[in-house]
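Here is how the chains run, residue by residue.
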Amino acid sequence: MQDLMQKIISLAKRRGFVFPSSEIYGGFGSSYDFGPLGVEMKNNIKKAWWDEMIKNHENIVGLDAAILMNPKVWQASGHLTAGFADELVECKKCHHRFRKDFLEKGECPDCGGELTSPQKFNLMMKTFVGSVEDKASETYLRAETCQGIYMNFENVLDSMRLKIPFGIAQIGKSFRNEITTKDFIYRVREFEQMEMQWFCHPKEADKFFDHWKSERMKWYLNLGIRKENIRFKEVPKEELAHYAKRAVDLEYNFPFGWKEIEGIHNRGDWDLSNHSKHSGQDLKYFDDETKEKYYPHIIETSAGVDRSFLTFLIDAYQEIEGARTKTTKAAKEVEIVLKLDKKIAPIKVAVFPLVKNKPELVKKSKEIFELIKPYFMCLYDEADSIGRRYRRQDEIGTPFAVTCDFETLEKEDVTLRDRDTMKQERVKIKDLAETIKNKLNVS
Ligand code: GAP
């Protein structure tokens, strides 16, 4: 199964999804860059989440808060204390450091040396703002996006005239000084989160916890994640984060084991009450109708963009022996198909001339490309045989390919090929954009 991970990492680099950061200098501690196809796919994942939260719910609104905040935020949230720290051990011989809970044996996995006793290691990333590197200007890169939401709870409530229950959603970068980064983009120090904070009456918190738990599972399934590869895991009491009363993880069956991709948390009144206490601002909610004043409880759905990206990539990856392309040479090769959901696929339509040495076909194909590119993320390709070009698109998950052939010049129609069924149908050029729109389910 680790072999599959190597194949995914190699495909990701070869086809422009994910590159190691600062590679010409030897990389940089598990930082990755998203390439031309990666950024498209990542944006599609974020859009699918944003649409699900904001477009589909009239009582969820968006926010884009700053990464840098007053350091008092992190004092009040509990992130600067032991709650947000992992247990670190160091090898007495080679001085490599490890997360204690990731070790399989009680010795150094690199050299077999003796390990120190565990010490708490805080995961906040410190930084300095302004020109003077002293205490006064020290702050942190945010470790979770949701704190920016709590900081704006009142601003959003007042400006949008919302009533409980309601949600605030945000997508953005978070940073954690992870001791052990591993498994490609699964555990990194700089990552993106998609978090929704649902503010509700304390008596309704359990009900909404169950509601959001099932909604979040549906989101992954609707985007094509195979049912057998995703599950819930109730987080045991002793493993709960410092802010959580209850937590359920959504786990995916990665080649390196079942691992968390998203957390659904009941944060109770931890955040609003602590921020009230530390800031002196009363963050209680006043219900006009019942005249009740209380701290809303928070149900949080917290997903990782990078982990979702890896999940979609792995789940979509298929190797098919030979039969898809009908050339004898290709029939001996293993073909890779990324069966990504159409919403997630980075390129939606590829446009080809059947052969490149016929100027009239090339000209017509380019006209077709120009005609449909305002509607979809399209790609034009004329290099190599038509079979090779189909395979290149299958490998990056492009749902549709349009081929312009000699009949096109006479009949003003093209072939439209479906990635999954490989069926080809002839479609009039004048109907092409509409036909693809319907197939992609975009308006
Ligand atoms: N606000 C709650 C919170 O941050 P979390 O369980 O610590 O909860 C939520 O993180 C999600 O953020 C995780 O399920 C994961 O998808 C993503 N995440 C957390 N740490 C990460 C890391 N080091 N690398 C990549 N993604 C990470």
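Residue positions are counted from 1 within each chain, in the order its sequence is given. In keeping with the model being predicted, local features are shown solely for residues with a pLDDT of at least 70 and side-chain atom pairs are shown and tallied solely at 80 or more, while totals for entire chains, interfaces and linings include all residues. Here the side-chain values reflect all heavy atoms present in the structure, with hydrogen atoms and water set aside.

A. Looking closely at the site of the ligand. Only heavy atoms are used to decide nearness, and a residue is near a molecule or strand if one of them lies within 4 Å of it. Within the structure, the ligand sits among 22 residues, and E144, V188, E195, E260 and E300 are positioned closest to it. Two N or O atoms count as a polar contact when they lie within 3.5 Å, although within protein this holds only if one can serve as hydrogen donor and the other as acceptor, and sequence-adjacent residues are included solely when both atoms are side-chain atoms. Contacts to the ligand include E262, whose backbone N or O atom sits 3.5 Å from an oxygen atom. Accessibility throughout is a Shrake-Rupley quantity obtained with a 1.4 Å probe, and a residue counts as covered only by protein chains that appear here. Coverage of the ligand by the protein amounts to 93% of the 550 Å² it exposes when considered alone. Under the DSSP-based scheme used, a helix requires at least four consecutive residues in state H or I and a strand at least two consecutive residues in state E, with every element numbered from the N terminus. For the shell around the ligand, the element with the highest residue contribution is strand β13 (residues 257-268), accounting for six residues. Along the lines of polarity and charge, the residues of the shell around the ligand split into seven nonpolar, five polar and 10 charged. When residues are grouped by polarity, Ala, Val, Leu, Ile, Met, Phe, Trp, Tyr, Cys and Pro land in nonpolar, Asp, Glu, Lys and Arg in charged, and all others, Gly among them, in polar.

B. Fine view of the environment of N56. Its place among the elements puts N56 in the loop between α2 (36-55) and β3 (60-63). Taking the C-alpha atoms as reference points, N56 and G78, separated by 22 residues in sequence, lie 33 Å from one another.

C. Geometry of helix α8 (residues 305-316). A helix is expected to span 1.5 Å multiplied by its residue count minus one. Over its 12 residues, α8 extends 16 Å from the first C-alpha to the last, a length consistent with the 16 Å expected when each residue adds 1.5 Å. Of all 12 residues in α8, 12 are buried; the element is thus mostly enclosed. Note on exposure labels: buried denotes an accessible area under 20% of the residue type's maximum, exposed denotes more than 50%, and partly exposed covers the range between, all computed with a 1.4 Å probe on protein chains only.

D. Structural context of the packing of aromatic side chains. Ring geometry is summarised as follows: Phe, Tyr and Trp rings, the Trp one being its six-membered ring, pair when their centres sit within 6.5 Å, and such pairs are stacked at plane angles under 30 degrees, edge-to-face over 60 and tilted between the two. Enumeration over the complete set of coordinates arrives at 19 aromatic pairs. Between Y285 and Y294, the aromatic rings sit 5.7 Å apart at their centres with planes inclined by 65 degrees, giving edge-to-face as the arrangement. Relative accessible area serves as the criterion here: at 6%, Y285 is assigned to the buried category. We classify Y294 as buried; its relative accessible area is 8%. Members of the aromatic cluster, connected to one another through ring pairs, are Y186, Y252, F254 and F256. Seen from the ring of Y186, R307 lies directly overhead, with NZ or CZ sitting 3.8 Å from the centre. A positively charged side chain is recorded as over a ring if its NZ (Lys) or CZ (Arg) lies within 6 Å of the ring centre. The angle to the ring normal must also be within 35 degrees. A cation sits over an aromatic face here: R417 above Y390, 4.3 Å from the ring centre.

E. The arrangement of the nonpolar core in detail. Within the largest apolar cluster, 57 residues are counted, with the highest numbers of intra-cluster contacts made by F17, L310 and F312. Counting 20 residues, the second-largest nonpolar core is a separate cluster that includes L63, C146, Y150 and F166. Here, nonpolar core means buried Ala, Val, Leu, Ile, Met, Phe, Trp, Tyr and Cys residues that are tied together by side-chain atoms lying within 4.5 Å of each other.

F. Seen up close, unusual backbone geometry. In this chain, I164 is followed by P165 through a cis amide linkage whose omega measures 5 degrees. With respect to the secondary-structure elements, P165 resides in the loop between α5 (153-160) and β9 (166-175). One non-glycine residue, S30, lies in positive phi territory at about 60 degrees. Tracing the sequence through the fold places S30 in the loop between β1 (18-20) and β2 (32-34). In this structure S30 comes out as buried when scored by relative accessible area, which is 19%. We note that H95 has phi near 65 degrees; this positive angle belongs to a residue other than glycine. Residue placement: H95 occurs in the loop between β4 (85-90) and β5 (97-99).

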